[in-house]
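Chain by chain, the residues run as shown.
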Amino acid sequence: MNRMEPLRRIEAGVLEVAYFETGPADGPPVLLMHGFPYDIHAYAEVAPMLAAQGCRVVVPFLRGYGPTRFLSDATPRSGEQAALGADLLALLDALAIERAVLAGYDWGGRAACVVAALWPQRCAGLVSLNSYNIQDIARAMEPDTPANEHSLWYQYYFHSARGRAGLANDRRALTRLLWQLWSPTWKFDDATFERSAAAFDNPDFVDVVIHSYRHRFGLVTGDPACAEIENRLAVQPAIRVPAITFDGLDDGVRPPADASAHAAKFTGPRSHHWVPGAGHNLPQEAPQVFADAVLELVNAQLPTRSSP
C-alpha cells in the first residue's frame, strides 16, 4: 500500500507543518487539503497522477493531525474556519509559493475556499467538494430538514461533554463509523483505514475537532488572532477565481445539490459536477476524477504556445 513518505516539515504561522511533496520543484504548484476525519493519504493516488503531469504537489497535515504541531502551548487549539484558512495562507508564504491551485474537501476544502475568497491573488484555481464551503455562522441555528439534521448527529454529539469523551476514548471506532456513513459505497479495507487513523493520535486532535464543531454553531469563542478573518468571512464573500466543484451522489453527510444552489457565491468561471458512486471522501474514492479537475485548472494557467 502506497504511503506518502518521506515527510517534510516547515514552520508556517503558528504551526510546524508536516507535509508530503512530490513532483518537480519548478512545476505549477498544487496544494491538496484533506478533511475530517481523514489525512494526507486521501491523496495517495491523486498526488502521483499530478506529479507525473509536471505539477509540484504539496499535501499537508492539517492542525491537529499527524505530525503537524503547534509551535506554542499558548496557541488556542482552534478548529475554526478562519484558523484553517490562515494556516493555508501561512504555508504558502513559508514555501514561497506565490500562487497555486488549491484543492480540497471537508475541512481542507473549507481552507481552500477561505483563501480563494479572501486572498484570490494567491489562488490560481479552486477544486472544492460540496461547492461553497465557508460557514455562515450567523445562521447556524436555523434548522435544516429533518433528514439533513439526522446526518449531522456527530456534530451535536461533539457539543456535549459526553461526545468529547467519546471521541477521546475511542477515536478509531468513531471515525471509522463516519467513514462508513459518509461513503456508504466505498469498500475500504482495514489497512486503508489504519494508514489514515494514525493521524488521529495527534495530541491536539480532540481539542481541535471539538472546537471546530462547537465554534461553527457559535457555542464557543474563536482564537482572537483569527477574529479579523472570521469577520471577513461573516459577510459570505464570493469566490471569483476559476473553480470546479463537485458533489458525490453517495455523500452521506452533505446531500448533492445542483449548480444553482451556490451559483451566487461563484462570480468567476465555474463548472459543477455530480460524481456517481462517490461519497464524501472524493479524492480517495474517485482519484482520477479529482486529478483531472486539478489538471484542468493547472493547464488553464499555463501559457499557450504559439504555432511555429
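Figured I'd write up the structure that's included with this text. Computed from a predicted model, the values in this text were never measured in an experiment.

Section: the packing of aromatic side chains
Tallied over the entire structure, the rule returns 27 aromatic pairs. Pairing Tyr 65 with Trp 107 gives two aromatic rings, centres 5.8 Å apart and planes at 85°, and the pair type is edge-to-face. Taken together, the residues Tyr 65 in the loop between strand 4 (56-60) and strand 5 (69-70) and Trp 107 in helix 3 (residues 106-118) connect sequence positions 42 residues apart. The same class applies to Tyr 65 and to Trp 107, which are both buried. Between Tyr 156 and Phe 217, the aromatic rings sit 5.8 Å apart at their centres with planes inclined by 65°, giving edge-to-face as the arrangement. With Tyr 156 in helix 5 (residues 153-158) and Phe 217 in the loop between helix 9 (205-215) and helix 10 (227-234), this pair connects stretches of sequence that are 61 residues apart. An aromatic cluster of three or more residues is present, and its members are Phe 36, Tyr 65, Trp 107, Trp 153, Tyr 154, Tyr 157, Phe 158, Trp 182, Phe 200, Phe 205 and Tyr 213. In this arrangement the basic side chain of Arg 232 is found over the ring face of Trp 119, its NZ or CZ atom lying 5.5 Å from the centre. The ring of Tyr 132 has Lys 265 lying over it, and the distance from NZ or CZ to the ring centre is 5.6 Å.

Comments concerning the packing of helix 2 (residues 81-94) against helix 10
Packing of helix 2 against helix 10 brings their axes to within 9 Å, and their N-to-C directions diverge by 110°. When the axes of helix 2 and helix 10 are compared, the pair comes out roughly perpendicular. Between helix 2 and helix 10, the residues in contact are Gln 81, Ala 82 and Ala 86 and Ile 229, Glu 230 and Leu 233, respectively. A class-by-class count of the residues in the contact of helix 2 with helix 10 yields four nonpolar, one polar and one charged.

Let's talk about the pairing of strand 7 (residues 123-129)
Each regular strand carries side chains that alternate between the two faces of the sheet. Burial runs high along strand 7: seven of the seven residues are buried. Note that strand 6 (residues 100-104) and strand 7 share five bridges and pair parallel. Across the sheet, Val 101 pairs through a bridge with Gly 125, a residue of strand 7. For the handedness criterion, the β-α-β arrangement of strand 6, helix 3 and strand 7 is classed as right-handed. In this structure, strand 7 lies alongside strand 8 (residues 243-248), joined through four bridges in parallel fashion. The residue of strand 8 that forms the bridge with Ser 128 is Thr 245.

Definitions and limits used
Residues numbered from 1 in each chain as written. Predicted model: local features only at pLDDT ≥ 70, side-chain atom pairs only at ≥ 80, totals over all residues. Heavy atoms only, no water. Phe/Tyr/Trp six-rings, centres within 6.5 Å; stacked < 30°, edge-to-face > 60°. Helix = DSSP H or I, 4+ residues; strand = E, 2+ residues; numbered from the N terminus. Buried < 20%, exposed > 50% of the residue type's maximum accessible area, 1.4 Å probe, protein only. Lys NZ or Arg CZ within 6 Å of the ring centre and 35° of its normal. Axes fitted to C-alpha atoms, helices over the stretch in contact; angles between N-to-C directions. Parallel < 35°, antiparallel > 145°, perpendicular 65-115°, else oblique. Contact = heavy atoms within 4.5 Å. Nonpolar A, V, L, I, M, F, W, Y, C, P; charged D, E, K, R; others polar. Pairing = 2+ DSSP bridges. Right-handed = clockwise from strand over helix to strand, strands pointing away.

Any link to function would need more than the numbers given here.
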